[in-house]
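Next come the chains, spelled out residue by residue.
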Amino acid sequence: MKLFDVYPINDITITKAQGSYVWDENGVQYLDMYGGHAVISIGHTHPHWVKRIEEQLEKIAFYSNSVRIPIQQQLAEKLSKLSGKEDYQLFLVNSGAEANENALKLASFHTGKKKIVAFSKSFHGRTSLAVAATDNPNLVAPVNETENVDFLPFNDEATLKTYFQTKGKDVAAIIVEAIQGVGGINVASESFLQLIRRLCDQNNAVFIADSVQDGYGRSGKFFAHDHAGVNADIYTLAKGMGNGFPIGGILIAPHIKPKHHMLGTTFGGNHLACAAALAVLEVMEDEKLIEMAKQRGMYLINRLKTIDGIQNVRGRGLMIGFDVPEEIKDLRKKLLYDFNIFTGEAKPNVIRLLPSLAITRKQADEFLDALQEAIAEIKSASEVEA
Ligand SMILES: Cc1ncc(COP(=O)(O)O)c(C=O)c1O
């Protein structure tokens, strides 16, 4: 049987990983500035995370949500402590798309309304409602097309206000990333997020903070939306939550009340996933990784701004992007194949940095030195050609 060919892949087989490094089958070491797509929060194969999963595996890996699962409550308590959203409720799922799907559905149940507002360049996942709220027609199958989602320009307060003047009362939810990831590292302004909060309050709509990529400490605060000083009604989580073990969740404000059977899942919140997620939070707390993300992020952003050849350095914490001009368009490939460094991308010409929150200053320097060398080599090769 062949694999369904939906990913353009690099011809590299990774067989080992530790901290901010991975190794291929030939023993070649790579620096991971991509964090396996923003997933590696505490570092690859962190010993505490491995131990917690192993210990849980020896006891019980899974039982359905038809019985009490105390480790879910432990996770909820740790999550409220670290996130500061103490009175919120937790519903556990398995992925980011599932988190957003459930959040949007819950908003509609709660308000009794249908209209969703999403923004240009948004990415919320590939299940039916999440993809309908994703601004990329190539991902939307005919069956997912719906008039229930309206897209407005990101960071455009005037357009959002005008829209709400006529249609506000029909809106069930506004879903927004505080830092768009797939869209190219676009930071929402504080006043834009504050306006969303006000409009949701005035129109009985639910503010959904898609924190799948920018959450879990990556921005230097637990939630990237926290930088605007507002609370969302629902936060959606995945990626960094399990450090690679599949788990997602939604945090739900206390005024949104549950009803039996309104949401449900077979695998969500299983024992093993909860053990992995608890280990992540324990390490984040012990190693002060949110503060580390802030410090390392500031260091990287400040140094990147001084590097000639790249443009428009932006982001927060360890969610950083910059534009790669046409003359050095092969930069990402060169970093991977000549300097053994993984980075992320966003179309058409953005390099995204999403390393582990535990990246060291030395590793950051290793990346910055390689970046400068790679740019210089591409430029001098093109001068020779000219
Ligand atoms: C902001 C955001 N939301 C949702 C998702 C979907 O997450 P998943 O791939 O786990 O379904 C992603 C994935 O990249 C994302 O970046």
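Scroll up to find the structure.
Quick notes on the rules
- Residues numbered from 1 in each chain as written.
- Predicted model: local features only at pLDDT ≥ 70, side-chain atom pairs only at ≥ 80, totals over all residues.
- Heavy atoms only, no water.
- Helix = DSSP H or I, 4+ residues; strand = E, 2+ residues; numbered from the N terminus.
- Rg over C-alpha atoms; globule rule 2.2 N^0.38 Å.
- Contact = heavy atoms within 4.5 Å.
- Areas by Shrake-Rupley, 256 points an atom, 1.4 Å probe, with all protein chains shown as cover.
- Near = heavy atom within 4 Å.
- Polar contact = N/O pair within 3.5 Å; in protein donor to acceptor, adjacent residues only side chain to side chain.
- Nonpolar A, V, L, I, M, F, W, Y, C, P; charged D, E, K, R; others polar.
- Pairing = 2+ DSSP bridges.
- Axes fitted to C-alpha atoms, helices over the stretch in contact; angles between N-to-C directions.
- Core = buried A, V, L, I, M, F, W, Y, C linked by side-chain atoms within 4.5 Å.
- Buried < 20%, exposed > 50% of the residue type's maximum accessible area, 1.4 Å probe, protein only.
- Patch = residues over 30% accessible without salt bridge, like charges linked within 9 Å, V, L, I, M, F, W, Y side chains within 5 Å.
- Salt bridge = Lys/Arg side-chain N within 4 Å of Asp/Glu carboxyl O.
- Phe/Tyr/Trp six-rings, centres within 6.5 Å; stacked < 30°, edge-to-face > 60°.
- Parallel < 35°, antiparallel > 145°, perpendicular 65-115°, else oblique.

**Student:** Even after reading the chapter, I still don't get the overall build of the chain, so can you show me in this structure?
**Tutor:** Helix and strand content of the chain: 11 helices and 17 strands. For the chain, whose C-alpha radius of gyration is 21 Å, the value lies close to the compact-globule estimate of 21 Å for 386 residues. Each principal axis of the C-alpha distribution contributes one length, and for the chain these read about 65 × 55 × 45 Å. Sequence separation of at least 24 residues holds for 74% of the intrachain contacts in the chain that already meet a minimum separation of 6. On the chain, roughly 18,300 Å² of surface is accessible, and the fraction owed to carbon and sulfur atoms is 51%.

**Student:** How should the site of the ligand be read in this particular structure?
**Tutor:** Neighbouring the ligand are 13 residues, the closest being Gly96, Ala97, Asp210, Gln213 and Lys239. Take Gln213: an N or O atom from its side chain is 2.8 Å from an oxygen atom of the ligand. Taken by itself the ligand offers 390 Å² of open surface, and the protein chains cover 82% of this. Counting residues per element, the shell around the ligand draws most heavily on helix α4 (residues 96-111), at 3 residues. Tallied by class, the residues present in the shell around the ligand amount to 3 nonpolar, 7 polar and 3 charged.

**Student:** Explain the sheet that holds strand β14 (residues 319-323) here, please?
**Tutor:** Sheet strands pair by backbone hydrogen bonding; their relative direction is either parallel or antiparallel. Here we have 4 strands laid out as an open sheet, ordered β13-β14-β17-β16, and antiparallel in their pairing. Edge positions in the sheet fall to β13 (311-316) and β16 (344-346), since each of these pairs with one other strand and no more. On average, each strand axis in the sheet is tilted by 25° relative to the strand beside it, whichever way the strands run. Relative to strand β17 (residues 350-353), β16 runs antiparallel, the two being bridged by 3 bridges.

**Student:** Sorry if this is basic, but what is going on with the environment of Tyr235 here?
**Tutor:** Examined against the element boundaries, Tyr235 turns out to sit in strand β11 (residues 234-237). Linking Tyr235 and Ile252, residues 17 residues apart in sequence, is a C-alpha distance of 6.8 Å. Discounting residues that sit within four places of it in the chain, Tyr235 has contacts with Lys85, Tyr88, Ala209, Ser211, Phe223, Asp226, Val230, Gly249, Ile250 and Leu251. Engagement of the side chain of Tyr235 in a polar contact is seen with the side chain of Lys85, the distance being 3.4 Å.

**Student:** For this particular structure, what's the right way to read the nonpolar core?
**Tutor:** Nonpolar side chains in soluble globular proteins tend to be buried together. Ranked by size, the top nonpolar core spans 96 residues in total, and within it Leu304, Leu331 and Phe367 carry the most contacts. Per-element accounting of this core gives the leading share, 12 residues, to helix α8 (residues 271-286). Each residue touching Phe367, except ones within four places of it in the same chain, is listed here: Leu31, Met33, Leu300, Leu304, Leu335, Ile341, Thr343 and Leu353. Judged by nonpolar contacts, the second largest core, of 22 residues, contains Ile116, Ala118, Ala132 and Met262.

**Student:** Explain a nonpolar patch on the surface here, please?
**Tutor:** Taken together, Phe4, Val6, Tyr7 and Ile9 make up a surface patch of nonpolar side chains, about 580 Å² in accessible area. Its place among the elements puts Val6 in the segment before β1 (14-18). Taking relative accessible area as the criterion, Val6 reaches 52% and is therefore assigned exposed.

**Student:** Even after reading the chapter, I still don't get the packing of aromatic side chains, so can you show me in this structure?
**Tutor:** Each aromatic ring pair is described using two quantities: the centre-to-centre distance and the angle formed by the ring planes. Within the structure shown, the criterion is met by 11 aromatic pairs. Ring centres of Tyr30 and Phe342 lie 5.3 Å apart, and the angle between their planes is 45°; this geometry places the pair in the tilted category. Here the residue Tyr30 occupies a position in strand β3 (residues 29-32), and Phe342 occupies one in strand β15 (residues 341-342), the gap between them amounting to 312 residues. Given a relative accessible area of 12%, Phe342 falls into the buried group. Ring plane angle 20° and centroid distance 4.0 Å describe the contact between Phe223 and Tyr235, whose orientation is recorded as stacked.

**Student:** Honestly, the packing of helix α6 (residues 157-167) against helix α7 (residues 190-203) in this entry has me stumped. Any pointers?
**Tutor:** Two packed helices can be described by the angle between their axes and the distance between those axes. At their nearest, the axes of α6 and α7 sit 10 Å apart, and the two run at 5° to each other. As far as their axial angle goes, α7 and α6 are roughly parallel. Residue-level contacts link Glu157, Leu160, Lys161 and Phe164 of α6 to Ser191, Phe192, Leu195, Ile196, Leu199 and Asn203 of α7. Of the residues contributing to the contact of α6 with α7, the split by class is 6 nonpolar, 2 polar and 2 charged.

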